[in-house]
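Analysis of the macromolecular model
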There are 2 protein chains.
Amino acid sequence: MRIGELAARAGTTTRTLRYYEARGLLPARRSGNGYRSYDEGDLRLLRQIRTLQDFGFDLEETRPFVECLRAGHPEGDSCPASLAVYRRKLDELDALIGELAAVRAKVGEQLARAESARERLAAEAEVPGGPEPECELGGAGL
Amino acid sequence: MRIGELAARAGTTTRTLRYYEARGLLPARRSGNGYRSYDEGDLRLLRQIRTLQDFGFDLEETRPFVECLRAGHPEGDSCPASLAVYRRKLDELDALIGELAAVRAKVGEQLARAESARERLAAEAEVPGGPEPECELGGAGL
DNA sequence: CTAATCCTTGACCCCGACGTCAAGGAAAGA
DNA sequence: TCTTTCCTTGACGTCGGGGTCAAGGATTAG
């Protein structure tokens, strides 16, 4: 199978396949006319790469899985190196999710604070002779 | 205050300040010799930008906050446009955290599956005359 | 024969937020 | 005066994962 067909069957582009080859991730045999030649095994490797990419793994992280398959193992994650990548990824995800949750909490806090400040101002505008802005109750200094 | 001092006081670099100016985010007055000249107000704007950047806001998203402060409001989030950015950010964060949690779950699942597969193989190796690999019990076909 | 696809390599473009280097002017201390 | 340090602008590099030409060779359909 040539590059166009493999790309189509994997739902990707020829550019992507050449890029993978340039990275040494998915080298191709060549037929007599210089065209790249792939087989079903290559399709399998490619699908492994794409699946992990969809999970947010970067290209280098997919390498152990690809090499594992190429070594004849039944699955890309049949090798210890692949499992190590899984574990590292889980740690990264946990850390990232934790950070994002913390940011989310802070932003939510800021929004609530800013909204209530606006409500206060609106209420004061409603009652013109009403409450004067009391010092040091909500103003961060200049 | 000149660019180096402002950068130092905000814990950033002169390159960053020139970049912000080029983006129209933090324009600078100029003193007679052509040097950029900043005041305490600029430091405040800069700190607002940096705080939001630390939260993962991109530069354009900080613009409403900066303009709000420059318009004389007490806080960068005293304006509706800033609140809108907060809300949009919360939605983005929720979506992202959700996606990451889903990926985390899938990766965790894959890891568990791959680990148990390895344990099975190890157990079979322990008992040489033991269980033959039973077809269609765990093998995704080639 | 010619046109239409497919293939090849090479090379530049994109995004965001700067880092880094270069060439030269200005200010400040010894 | 000399040296060091700070300032100016301009321009290119970085990173990841490719997109998008361009020029030319191979193959196939009509």
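First, a word on what this report is: a plain description of the structure on this page. Fair warning: this is a prediction, and the values are worked out from it, not measured in the lab. (Residues numbered from 1 in each chain as written. Chains lettered and ligands numbered in written order. Predicted model: local features only at pLDDT ≥ 70, side-chain atom pairs only at ≥ 80, totals over all residues. Heavy atoms only, no water.)

A word on the pattern of salt bridges
Between side chains of opposite charge, a pair can form when the charged atoms approach closely. Filter applied, for reference: Salt-bridge detection follows one rule: a side-chain nitrogen of Lys or Arg within 4 Å of a carboxyl oxygen of Asp or Glu. Starting at the N terminus, helices and strands are each numbered in turn, a helix being any DSSP run of H or I of at least four residues and a strand any DSSP run of E of at least two. Accessibility here uses a 1.4 Å probe with only protein chains present; expressed as a share of the type maximum, an area under 20% marks a residue as buried, one over 50% as exposed, and anything in between as partly exposed.
The final tally for this structure, using the stated rule, is 29 salt bridges over all chains. One salt bridge in this structure joins A:Asp77 and B:Arg113, with 2.6 Å as the shortest N-O distance. In this pair, A:Asp77 is assigned in the loop between helix H4 (59-70) and helix H5 (80-126) and B:Arg113 in helix H5 (residues 80-126), connecting two distinct chains. B:Arg113 sits in the partly exposed class, given a relative accessible area of 37%. As a salt-bridge pair, B:Asp42 and B:Arg29 come within 2.3 Å of each other at their nearest N and O atoms. Of this pair, B:Asp42 sits in helix H3 (residues 40-54) while B:Arg29 sits in strand E1 (residues 29-30), and the two are 13 residues apart along the sequence. B:Asp42 gets classed as buried once you look at its relative accessible area, which sits at 5%. Linked by salt bridges that have partners in common, A:Glu61, A:Arg88, A:Lys89 and A:Glu92 make up one network.

Examining the protein's contact with DNA strand C
Condition: Distances are taken per atom, and a residue is near a molecule or strand as soon as one of its heavy atoms is within 4 Å of it. What qualifies as a polar contact is a pair of N or O atoms within 3.5 Å, subject to a donor-acceptor requirement within protein and to the restriction that residues adjacent in sequence count only when both atoms come from side chains.
As a matter of local geometry, DNA strand C sits amid 19 residues, with A:Gly4, A:Arg36, B:Thr16, B:Gln53 and B:Asp58 nearest to it. Residue A:Arg18 places a side-chain N or O atom 2.9 Å away from a phosphate oxygen belonging to DNA strand C. At 2.9 Å, a side-chain N or O of B:Thr13 approaches a phosphate oxygen of DNA strand C. Looking at the surface near DNA strand C, the elements with two or more residues in it are helix H1 (3-10) of chain A together with helix H2 (14-22) and H3 of chain B. The biggest single contributor to the surface near DNA strand C is H2(B), with four residues.

Digging into the state of the cysteines
Residues and elements named next belong to chain A. Note the following rule: The term disulfide is used for any two cysteine sulfur atoms that are within 2.5 Å.
For the structure on display, the rule yields two disulfides over all chains. Here Cys-68 pairs with Cys-79 through a disulfide, and the sulfurs are 2.1 Å apart. For the disulfide bridge between Cys-68 and Cys-79, the dihedral angle about the S-S bond is near 85°, and by the sign convention the bridge is right-handed. Here Cys-68, found in helix H4, pairs with Cys-79, found in the loop between H4 and H5; they are 11 residues apart in sequence, far enough to count as distant. Each member of the pair, Cys-68 together with Cys-79, is buried.

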